[in-house]
Amino acid sequence: MSEFELLDTAGDISGKLRLIYGSGPTDPAPFVLTLTPQYVARVLGTTPPVSFHEIEKYADDNAGDLREMAFQEKGTGRFSLTLE
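About the thresholds
- Residues numbered from 1 in each chain as written.
- Predicted model: local features only at pLDDT ≥ 70, side-chain atom pairs only at ≥ 80, totals over all residues.
- Heavy atoms only, no water.
- Salt bridge = Lys/Arg side-chain N within 4 Å of Asp/Glu carboxyl O.
- Helix = DSSP H or I, 4+ residues; strand = E, 2+ residues; numbered from the N terminus.
- Buried < 20%, exposed > 50% of the residue type's maximum accessible area, 1.4 Å probe, protein only.
- Phe/Tyr/Trp six-rings, centres within 6.5 Å; stacked < 30°, edge-to-face > 60°.

Student: Looking at this structure, I do not really get the pattern of salt bridges. What am I missing?
Tutor: A side chain of one charge can pair with a side chain of the opposite charge when the charged atoms of the two come close. Here the structure, examined in full by the defined rule, presents four salt bridges. Of the charged contacts in the structure, one is a salt bridge between K74 and D27, with a shortest N-O distance of 3.3 Å. Taken together, the residues K74 in helix α3 (residues 63-75) and D27 in the loop between β2 (17-22) and β3 (31-35) connect sequence positions 47 residues apart. Its salt-bridge partner being E73, residue R78 comes within 3.1 Å of it at the nearest N-O pair. For R78, a relative accessible area of 38% puts it in the partly exposed group.

Shown next, in the form of C-alpha cells:
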C-alpha cells in the first residue's frame, strides 16, 4: 500500500472535495474519493452546512483513514466513491 498516495485534490462550487489517489502521477486509473458537505457534517456531528474549510480540515485530520478507504475500494475494482 505504500505506493498508493494522495495525488491531488479538487474542490467544486457545490462544496464537494475530491481526493485523487493512485500509485503515482502517471497512474492510468486513479481512484477518486469525494467528500460531500452532508457526509462531513454527519461524521462531525454538526448541523449542515459545513464550510469548505471544515471539509478540508476533516480530510487533513483523517488522511490515513480516507487513504485506506480509497485503497480498499480500488481493490474491489471501483474507480470512485462518493461519501454522502
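Student: Explain the packing of aromatic side chains here, please?
Tutor: Aromatic rings in a pair are described by how distant their centres are and how their planes are angled relative to each other. For the structure on display, the rule yields three aromatic pairs. Consider the rings of F4 and Y21, whose centres lie 5.7 Å apart with planes at 10°: the pair is stacked. On the criterion of sequence distance, the pair formed by F4 in the segment before β1 (5-11) and Y21 in strand β2 is long-range, its members being 17 residues apart. As far as the burial class goes, F4 and Y21 line up, both buried. Geometrically, the ring pair formed by Y39 and Y58 is edge-to-face, given 6.2 Å between the ring centres and 80° between the ring planes. With a gap of 19 residues between them, Y39 in helix α1 (residues 37-44) and Y58 in helix α2 (residues 52-61) connect regions that are remote in the sequence. Taking the relative accessible area as the measure of exposure, Y58 reaches 12% and is therefore buried. An aromatic cluster is built from F4, Y21 and F71, whose rings are joined through pairwise contacts.

Distances and angles like these do not, on their own, reveal function.
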